[in-house]
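Survey of secondary and tertiary structure
The chain contents come next:
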Amino acid sequence: MERIKTDILISGGGVAGLTAAAAFGTAGFNVICVDPAPPITERDAAGADLRTTAFLQPARDFLDRAGIWNKLAPHASPLQIMRIVDAGGETPEPRLTKDFNAADIGDLPFGWNLPNWLLRREMTARLAELPNVDFRPGTGTARVFTRSRQALVTLSDGTKVEAKMIIAADGRGSPVREALDIPVKTTRYGQKALAFAVTHPIPHENVSTEVHRSGGPFTLVPLPDRDGVPSSAIVWMEDGPEVARLAALPEADFNAEMTTRSCGLYGPLTLASQRTVWPIISQMAERMYGERTTLVAEAAHVVPPIGAQGLNMSLGDLRVLLNLAVEAPHLIGEVSMLESYHKARHSEVRARVAGVDLLNRTSQIEAQPLRDARAMGLNALYSVAPVRKTMIQLGLGARGR
Ligand SMILES: Cc1cc2nc3c(=O)[nH]c(=O)nc-3n(C[C@H](O)[C@H](O)[C@H](O)COP(=O)(O)OP(=O)(O)OC[C@H]3O[C@@H](n4cnc5c(N)ncnc54)[C@H](O)[C@@H]3O)c2cc1C
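Values in this document were obtained by computation on a predicted structure and should not be read as measured data.

Here helix α4 (residues 116–128) spans 19 Å end to end across 13 residues, near enough to the 18 Å set by a 1.5 Å rise per residue. For α4, the tally of buried residues reaches 10 of 13 residues, placing the bulk of the element in the interior. For α4, the set of buried residues is Asn 116, Trp 117, Leu 118, Leu 119, Arg 120, Glu 122, Met 123, Thr 124, Arg 126 and Leu 127. For α4, the secondary structure elements touched by its buried residues are α1 (15–26), β3 (52–56), α2 (57–65), α3 (69–72), β7 (111–115) and β8 (133–137).

Bringing the site of the ligand into the picture now. With respect to spatial proximity, 29 residues lie near the ligand, and among them Asp 35, Ala 54, Thr 141, Leu 311 and Asn 312 are the closest. Here an oxygen atom of the ligand and a backbone polar atom of Ala 16 are 3.2 Å apart. Asn 312 places a polar main-chain atom, nitrogen or oxygen, 2.9 Å from an oxygen atom of the ligand. Against a free-state accessible area of 1000 Å², the protein chains account for coverage of 86% of the ligand. For the shell around the ligand, the secondary structure elements donating two or more residues are α1, β2 (31–35), β3 and α8 (310–327). Classifying every residue of the shell around the ligand gives 14 nonpolar, 11 polar and four charged.

The next point concerns the side chain of Ser 77. With respect to the helices and strands, the residue Ser 77 is situated in strand β4 (residues 77–79). Look past the residues within four positions of Ser 77 in its chain and what remains in contact with it is Gly 111, Trp 112, Asn 113, Pro 222, Leu 223 and Pro 224.

Before going further, it helps to examine the sheet that holds β7. Spatially, β3-β7-β4 is the arrangement adopted by the three strands of the open sheet, whose pairing is antiparallel. Edge positions in the sheet fall to β3 and β4, since each of these pairs with one other strand and no more. Averaged over all pairs of adjacent strands, the angle between their axes in this sheet comes to 30°, without regard to strand direction. As judged from the three bridges shared by β4 and β7, these two strands associate in the antiparallel manner. Counterpart to Leu 79 in the pairing with β7 is Gly 111. Its contacts with the sheet place α2 against β3 and β7, and it is angled at close to 95° to β3.

What follows covers the pattern of salt bridges. For the structure on display, the rule yields 21 salt bridges. With its nearest N and O atoms 3.3 Å apart, the salt bridge here joins Arg 172 to Glu 298. Here the residue Arg 172 occupies a position in the loop between β11 (160–168) and α5 (175–179), and Glu 298 occupies one in the loop between β19 (293–295) and β20 (301–302), the gap between them amounting to 126 residues. For Glu 298, a relative accessible area of 30% translates into the label partly exposed. As a salt-bridge pair, Arg 292 and Glu 334 come within 3.1 Å of each other at their nearest N and O atoms. Highlighted residues: Arg 292 in the loop between β18 (289–290) and β19 and Glu 334 in the loop between α8 and α9 (335–364), separated in sequence by 42 residues. By relative accessible area, which is 4% here, Arg 292 ends up buried. Overlapping salt bridges bring together Glu 2, Asp 134 and Arg 136 as one network.

What follows concerns the packing of α1 against α8. In a packed pair of helices, the relevant descriptors are the angle between the two axes and the axis-to-axis distance. The geometry of α1 relative to α8 is characterised by a closest axis approach of 10 Å and an angle of 25° between their N-to-C directions. Considered as vectors, α1 and α8 are oriented roughly parallel to each other. The two elements α1 and α8 meet at a crossing, and its hand is right-handed. Within the contact between the two elements, α1 uses Val 15, Ala 16, Thr 19, Ala 20, Ala 23 and Phe 24 and α8 uses Leu 311, Leu 315, Leu 318, Leu 321, Leu 322 and Ala 325. When grouped by side-chain class, the residues that make up the contact of α1 with α8 number 11 nonpolar, one polar and no charged.

Conventions used here
Residues numbered from 1 in each chain as written. Predicted model: local features only at pLDDT ≥ 70, side-chain atom pairs only at ≥ 80, totals over all residues. Heavy atoms only, no water. Helix = DSSP H or I, 4+ residues; strand = E, 2+ residues; numbered from the N terminus. Expected span 1.5 Å × (residues − 1). Buried < 20%, exposed > 50% of the residue type's maximum accessible area, 1.4 Å probe, protein only. Contact = heavy atoms within 4.5 Å. Near = heavy atom within 4 Å. Polar contact = N/O pair within 3.5 Å; in protein donor to acceptor, adjacent residues only side chain to side chain. Areas by Shrake-Rupley, 256 points an atom, 1.4 Å probe, with all protein chains shown as cover. Nonpolar A, V, L, I, M, F, W, Y, C, P; charged D, E, K, R; others polar. Pairing = 2+ DSSP bridges. Axes fitted to C-alpha atoms, helices over the stretch in contact; angles between N-to-C directions. Salt bridge = Lys/Arg side-chain N within 4 Å of Asp/Glu carboxyl O. Parallel < 35°, antiparallel > 145°, perpendicular 65-115°, else oblique. Left-handed = near helix turned anticlockwise from the far one by under 90°.

Structure below.
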């Protein structure tokens, strides 16, 4: 059976794993990236990931460093304004609207929105340009055995890989994390998210809109026009049974319900893709490393999709890890490097997980008096300019090391 040596074995080729492979490959490290599920790179193919990712400003710099941004830029929709709408009154109408404008903090937009299936297409194209990256879709991590000097990973096809370091990017149920017995703390909300694309007659003008009523936020994020008609990606969070009902509705009824939920802000909404359903949890690993191993992205932390924190936090993990590896390549996978990574990321991630948890619980509220208090709170926070700016900067994420 084949036995190979590498600097880094990346377990998982989701968006985080593919980005890690491109980033470490571009920096000159030898990388093997494995994933049992080959990436689906077409919008209309069965099983395509129809979510979109709003990459915030710091993420763009990192994607640039990984040689990916130039491939993504032509497809990206800028996010200039984040609009928060409270529709928590007796009837589903906007009663408070607050705009956070990127112009308040600089010349750049807050971020850029891109479909996940397209990210996979462009990221795998980038990996194909890197001779030191060996991407093996269709092959997974089967067994992990670590010693102080190296990790030995057996792949699902029997290949044995000796690596200086494993990057576990294999999702919320991370098999690598399980193999290393790293505990997680999980919070369940009884919520799910519907993710899909729509068209609408009123242009979005690069505004990302979050409508709060109850059950969770209803978020519209700009996409490029579709056949000349304005288009947005929607994430609609509700209690699980309500999501099951909505997902099964005939299309015309679904269009009517989502138009009501959106308060008609962009005119009548028309479904323009399949509806996909995602379970919502918060989760945090107790440690972000094990022997010769680092946990990144959803293997380390999961948050509800609010404020575009999930993958942006993951790129924060990768940025810190790559900086450490480039500063001292001979220390890759050594305890001192793993501890530095954990120290730089764990408290920042914990604070973000707690912050998004709070926002989610606030948006879920059913009781009218509490919904009124939520609207007052938003109004108060927004009215103080320095607080508003700080909120924007916190939302975008610290640049870290
Ligand atoms: C509805 C929704 C909207 C979102 N919107 C945003 C947003 O706008 N901005 C943002 O920053 N974040 C957003 N997020 C979060 C973001 O989508 C996730 O953080 C991201 O997709 C998770 O990526 P990942 O690569 O960590 O995990 P995954 O995508 O789950 O990838 C894990 C990979 O590991 C593979 N794997 C499993 N087992 C093995 C094995 N044995 N060996 C090797 N590989 C294995 C799987 O096949 C999979 O491909 C959103 C999330 C949801 C649910």
